Amino acid sequence: MNLFKKKPTAREAAKTASKETKKEVRTNQRQMDRDIRDLDRQEKLLLQEIKQRAKSPGVNPATDKGLKSQAKQLVTIRKQKEKLYETKAQLNSVGMQASAMATQASAITAVGAVTEALGNANKVMDAKQMNKTLMEFQRENEMANMKEEMMNDALADAFDESDVEEEANEVTNQVL
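Position numbers for residues count from 1 along each chain, tracking the sequence in the order it is written. Per-residue local features are limited, in this predicted model, to residues with pLDDT of at least 70; the limit for side-chain atom pairs, both in listing and counting, is 80 or more; totals at the level of whole chains, interfaces and linings are taken over all residues. The basis for every side-chain value is the complete set of heavy atoms in the structure, and neither hydrogens nor water enter the calculation.

A.B. asks: An account of the overall build of the chain is requested, with residue identities and associated values reported.
C.D. replies: Within the chain, the regular secondary structure consists of four helices and zero strands. In this description a helix means any DSSP run of H or I spanning at least four residues, a strand means any run of E spanning at least two, and both kinds are numbered starting from the N terminus. Along its sequence from the N terminus, the chain presents helices and strands in the succession α-α-α-α. What the globule rule says is 2.2 Å times the number of residues to the power 0.38, and the radius of gyration is computed from C-alpha atoms. Taking 176 residues into account, the globule formula puts the C-alpha radius of gyration at 16 Å, and the chain, at 44 Å, lies well above it. Taken over the C-alpha atoms alone, the chain extends approximately 140 × 70 × 25 Å along its principal axes. Within the chain, the proportion of its 176 residues that are buried is 12%. Only heavy atoms matter for contacts: two residues are in contact if any of them lie within 4.5 Å across the pair. The long-range fraction of contacts in the chain, counting pairs at least 24 apart against all pairs at least 6 apart in sequence, stands at 76%. Note on areas: Shrake-Rupley with a 1.4 Å probe; residue coverage comes only from the protein chains shown. Accessible surface for the chain amounts to roughly 15,100 Å². Of this, 56% is attributable to carbon and sulfur atoms. Taking the average place of the 30 positive charges on the side chains of the chain and the average place of its 28 negative ones, the gap between the two points comes to 35 Å. Each residue gets one of three labels from its accessible area relative to the maximum for its type: buried under 20%, exposed over 50%, partly exposed in between, using a 1.4 Å probe on protein chains only. His is not counted, nor are the chain ends; Lys and Arg add positive charge and Asp and Glu add negative charge. Note that the charge is assigned to NZ on lysines, CZ on arginines, CG on aspartates and CD on glutamates.

A.B. asks: I'd love a proper account of the pattern of salt bridges, names of residues and values included.
C.D. replies: Whenever a carboxyl oxygen of Asp or Glu lies within 4 Å of a side-chain nitrogen of Lys or Arg, that contact is scored as a salt bridge. All told, the structure shown has six salt bridges when counted by the stated rule. With a closest N to O distance of 2.5 Å, Arg-41 and Asp-38 form a salt bridge. Of the two residues, Arg-41 and Asp-38 are both situated in helix α1 (residues 10-55); the distance of three residues between them amounts to about one turn of the helix. Exposure remark for Arg-41: the relative accessible area of 47% places this residue in the partly exposed category. Among the residues examined, Asp-38 registers a relative accessible area of 34% and is labelled partly exposed. Salt-bridge contacts for Arg-78 lead to Glu-43; the nearest nitrogen and oxygen are separated by 2.7 Å. Taken together, the residues Arg-78 in helix α2 (residues 65-124) and Glu-43 in helix α1 connect sequence positions 35 residues apart. Taken together, the shared-partner salt bridges connect Asp-40, Glu-43, Arg-78 and Lys-81 into one network.

A.B. asks: Before we move on, could you go through a positive patch on the surface and cite the residues and values that matter?
C.D. replies: In this analysis, a patch consists of residues with relative accessible area above 30% that form no salt bridge, clustered at 9 Å for like charges and at 5 Å for the nonpolar side chains Val, Leu, Ile, Met, Phe, Trp and Tyr. Taken together, the side chains of Lys-22, Lys-23, Arg-26, Arg-30, Arg-34 and Arg-37 make up a positively charged region of the molecular surface. Summarising the element assignment, Lys-22 is placed in helix α1. Judged by its relative accessible area of 36%, Lys-22 is partly exposed.

A.B. asks: Tell me about α1, and name the residues and values.
C.D. replies: Taking 1.5 Å of rise per residue, the 46 residues of α1 would be expected to cover 68 Å, and the 66 Å separating its terminal C-alpha atoms lies within 8% of that figure. All of the buried residues in α1 are Ala-14, Ser-18, Val-25, Gln-29, Met-32, Ile-36, Leu-39, Glu-43, Leu-46 and Ile-50. Where the residues of α1 are buried, they touch α2. A helix is expected to span 1.5 Å for every residue after the first.

A.B. asks: Give a description of a negative patch on the surface that names residues and reports values.
C.D. replies: Taken together, the side chains of Glu-148, Glu-149, Asp-153 and Asp-157 define an acidic patch exposed on the protein surface. Tracing the sequence through the fold places Asp-153 in helix α3 (residues 127-158).

Worth remembering: the numbers are spatial, not functional.
This is the structure:
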């Protein structure tokens, strides 16, 4: 046991557990696929044997106990395949749940980090100082708006075309 080894975070532990679970799930699914292929082979062989036995002379398919026994074996093999498919699907579900849990652990870690950052920001900010700054900004903004209105009025007066037209009319009248 290493005493100086860094303890993994919840996110790292969840990620590691997820990887291990996925590895186990994939390994077991491959084994189940092999088992299913074996059962398929057995089913085909058994079907051939049943057909050969049914075709052989002197065998009555309705009363032959060997044929019925082989038919029961065939049904059992098919049920085993169905159960393997169901188990494989459930195993796949377990793998997905492990991935979802790792994702949730990562999200929780991220939310915790954001919460901590916001808490630190709240500690650093002074509410009274922020309020004072906002009030000063509002006052300066209002003053800027008033100055802008005054400048617009002054410019409108300076470039007022109605006065220019009146002066032009006066000059025209004087000349005539």
